[in-house]
Every structure is written in structure tokens, then in C-alpha cells.
Amino acid sequence: MTKDEGQRTIPILDALQACAGRPHAPFYAPGHKRGKGISDRLVNLWGKSVFESDLPELPDFDNLFAPSGVIQEAQELAAAAFGADKTWFLVNGSTCGVIAAILATCGTGDKLILPRNSHQSAIAGLVVSGASPIFITPEYDPSGDLAHSITPEAVSQALKHHPEAKAVMLLYPTYHGVCGDIHAIAQRVHHYNIPLLVDEAHGAHLTFHPDLPPSAISAGADLTIQSTHKVLAAMTQASMLHIKGDRIDPERLSQALQLVQSTSPSALLLASLDAARHQMVLYGEKLLSRTLGLAEVAREQIQQIPGLSVLDATNTPGCFTLDPTRLTVKVTALGLSGFEADEIFCEQLDVTAELPTFQHLTFIMSLGNTTDDIQQLVQAFSHLSQRYCRPDSRPRQNLYQPGMVSGLILEPSMSPRDAFFAPKERLTLEQSVGKISAEWVCPYPPGIPVLIPGFAIASATVDYLRQVQHFGGYITGCSDPSLNSVNVVIQ
């Protein structure tokens, strides 16, 4: 079988189908025994076949942590498809991949350079590994109240001050589709002979169409984590991790993944990853051409609606290029916050955004969207404009992002791990100003922490969190869900 012929196979899915169809008496987990003991309500909703395929690592299936059969074959096919040297399938989402990437490159006391708008999984990786963060604040657009990418110059400055750093981590693309100059960043990182790690959770599709930004691996990244479920057709929680080159020790990475992945991996998730790779290799460019066409229609029509503006690459700081399948629409000229617009969309207009923020709504357009979806989205924005766009509408003011001074390098008062395990006390949020946070607190989505263990709490941060609460945003991670109090390190 040639390499190209191999890409036409779906080894995990085929093996799963064979296992599910083999009659035998099951005396192994899971307890529903191939669906025979499952709730009738679930059978009525999902059908029987999904439970017949919900199988453990049977002898004729393979083992995720020591693959030698169909899982190994599927991961090798994925590596070839995504341009990597080696690929691991992830069943605990990109979160476990980010943590494992940090564990594979950093130990206690080692320095990791990363953007201040990194996902909370990176903070978890710092706590687990004991590494110390050197944060670079990304380019910030105060008019749009959005943080974008870090610049090559900021990375060079951080490396100049911290040449002993073990790795650099980059967010690419951002939640809003902004892609920094990853090729230039990779060159500057490799000048120090350390690896560039990329949280590419929103970029699994970039490999498969020439009109999209370059994928992280093709632009020089040593390791990248992709949420295959976010923009391709895998099941939720199914992701991949890819490496290229020799700066990452694959054995150490495999051991790190064993610490953070489930020992009972879902065969359904693994099969969905295999099938998503197969679909994109065979039909990806065609599917994405259609998606890009729909995205262009949405962008052009929404730009013409009074009171709305659409994020583009022009005058967007830190933006080398923009993923056109990500649509971010500013609504504050209507006198609404993004949170209020999102509520109207969900409750009245049957449209659900991926991410509401104070000024914007952000939408993911992927291969599963249809012409009808786009028409409904445009109609919803037209309705919003007709209802709220008036001469006397007062644009909402910015929701201030604390600490967003572009290129600023931030260092913790103590490592996130030390702060996480330190003796702590609970204070009111207002009393915590000037104290060192012992927990991470973040508006979600996108899951970017505002408070981080090991960093002092500023009054601007407290004001920001109160504003997020006031305008209807969700705050997660805090030990006190009401956010009336917070844990701080006893000093």
C-alpha cells in the first residue's frame, strides 16, 4: 500500500467496527456491556450503535500508551497529513497537550516565555511542572479592547533578558483568529536552540487550504497542540499533538502525556480523530473552499449593516494575517455590550456565538456550517441593527483590560506552583489588592486568567473583574463562585 493509499484508510474506525460487530460475552468495562445495560433515554436519543462501539482497549484494538497496531497506524497517518514527524492523539482535550508540552520541556525553576493571554491550561502546566513564567503582554488594541499576538521583537527582548529560558510558547491563532508572525518568532527562538511550543487549539484546519494562514508546524514550530474538535469534525474533547525536528524528546513527551491522559481512553474519540484526518486529506480543500466562501459572504454583508464593524487584519496590532473563518463583530455602537447582544441572539433570534466579550461577538465558521446558517446570522444582525441603531445610541465604553501594555515583560513574585501550594487565607476581593494570588480566576470563554497564582493582585484587575460580572460575563476558576472573596498567599 502506498503512502497516498494509506491516507484513504481509517484504521481505528475499521477496527472499532469489527470489534463492535463480533458476538461475544463481554466481561470487561464499561459496565453497560456494549449498550445492553444503557439507559433507555440515552438509547432513544443516540441509538444503540454508539454504545456498541464504546469499547475499552481490547486485545484486538490497541493501547493508546503503547500503540503497536491501529492506533499507531492512525497516528502515523495523522503525522503525515499534518506535516509532522510524530503525532499523539489526545482524549483529554488540548488542555492535557499543553500541560504535557510544558512538562516535556520545563522542570522546577525553569523559565518558560509565553503570552500573557495564554489559556488557563498553560497556567496549570506551570503549576504541575514547577516552571516559572516570563509573560509577554501581547499587542493590545484599546479601541477594540482586544489582546492579539506577541511580536517577534517582544520575543527577542524576553530572550535577551532570559537567555536561560527552556522554551517559548505561542498562542496561534488567537481566539479571534489573529495570527502573529510565527515564522519570524520561530527563527528568533531557534537562535537560542530552544523549542517553540504552539497552542494551536483553533488552527487544526490551517494545513488544508492555501488561502488560510500557514500552520504552526509548516512555519517552524517544534510542537503544536490542535483542538481537532473545535474547527474540524472530531468529537468534543478530541485533539492532537504534533512535533517536528529534534528539539523535543519524544520519550519524555510520551511519559508526560501518560501523567495527564486518561488510562481509559474513549475509543469513540480516537475513532473520530482518525476519521477527521481521513476526511480532511481526501476532501479538506473542497470543504474549506466552501467554508471560506460562506465566511466571505457573512463578512461582506455584516460590514454593510449600520452600527456594526468587523475585525480585519488592517490596523490590528500584532496581526501578521487573519484566519478568515473566524468572524468577530463589534456591537457597542448599537449601545449594547457583546454579552447583551449574545443574550438577544440566543433567546430571541436562535443564533449562538462562540464567544461574547464586552464589545464583540465572535463566531467560528467551519465545514459544518451551511448557507442557511449564514443567512440566519446576517438576518439576526440586521434585526439587531434595526432595533438598536438610533442617532441617540451611546457607544459602550471600553472594558479595561488590566496590564495590557504591549510588549511588557511580567515576572511573578513567586512561582505559580509555590503560590498554589503555599499557606493561604481568604480575603474579600477588595482586600486582596497588593496580595499575591493563590488561585487563577478567568472570564470564560476564552479561559484566559486575569488572576494567576504567584502574581500580585492590582486594583485595576479587581475593577475589571467587577465589570465583567456587572455586564453578564462568566467567571470561572475561583474558589468562591460569587467572587466576593479570593485566596491569597499568607505573607
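Quick note: structure is the one above.
Rules used in this analysis
Residues numbered from 1 in each chain as written. Predicted model: local features only at pLDDT ≥ 70, side-chain atom pairs only at ≥ 80, totals over all residues. Heavy atoms only, no water. Phe/Tyr/Trp six-rings, centres within 6.5 Å; stacked < 30°, edge-to-face > 60°. Helix = DSSP H or I, 4+ residues; strand = E, 2+ residues; numbered from the N terminus. Buried < 20%, exposed > 50% of the residue type's maximum accessible area, 1.4 Å probe, protein only. Lys NZ or Arg CZ within 6 Å of the ring centre and 35° of its normal. Polar contact = N/O pair within 3.5 Å; in protein donor to acceptor, adjacent residues only side chain to side chain. Contact = heavy atoms within 4.5 Å. Axes fitted to C-alpha atoms, helices over the stretch in contact; angles between N-to-C directions. Parallel < 35°, antiparallel > 145°, perpendicular 65-115°, else oblique. Nonpolar A, V, L, I, M, F, W, Y, C, P; charged D, E, K, R; others polar.

> Help me understand the packing of aromatic side chains in this model?
Remark: the centre distance and the inter-plane angle together describe each pair of aromatic rings, the angle taken between the planes. Evaluation of the coordinates by the stated rule reveals eight aromatic pairs. Summarising the aromatic geometry, the rings of Phe345 and Phe363 are spaced 6.4 Å apart at their centres and angled 40° between planes, so their arrangement reads as tilted. Of the two residues, Phe345 sits in helix H13 (residues 338–349) while Phe363 sits in strand E15 (residues 360–364), which places them 18 residues apart along the sequence. Residues Phe345 and Phe363 agree in their burial class; the two are buried. Look at Phe420 and Trp440: their rings are 6.2 Å apart centre to centre, the planes differ by 20°, and that puts the pair in the stacked class. Linking Phe420 in helix H15 (residues 416–421) with Trp440 in the loop between strand E17 (424–428) and strand E18 (442–443), this pair joins segments that are 20 residues apart in sequence. Chaining the aromatic ring pairs together yields one cluster made of Phe345, Phe363 and Phe381. Residue placement shows Lys86 over the ring face of Trp88; its charged tip is 5.1 Å from the ring centre. Positioned above the aromatic ring of Phe135, the side-chain terminus of Arg116 is 5.7 Å from the ring centre.

> What exactly am I supposed to notice about the side chain of Ser415 here?
Position of Ser415 among the secondary structure elements: in the loop between strand E16 (409–410) and H15. Classification of Ser415 as buried rests on a relative accessible area of 13%. A polar contact of 3.0 Å, which involves the side chain of Ser415, links it to the backbone nitrogen of Asp418. Once residues within four sequence positions are removed from consideration, Ser415 is found in contact with Ala131 and Gly454.

> So what exactly am I meant to see when it comes to the packing of helix H2 (residues 11–21) against helix H5 (residues 70–82) here?
Relative orientation of the contacting elements H2 and H5 amounts to 155°, with a least axis distance of 8 Å. Judged on the interaxial angle alone, H5 and H2 are roughly antiparallel. Residues Pro11, Ile12 and Ala15 of H2 form the contact with H5, whose participating residues are Val70, Ile71, Glu73, Ala74 and Leu77. Residues that form the contact of H2 with H5 fall into these classes: seven nonpolar, no polar and one charged.

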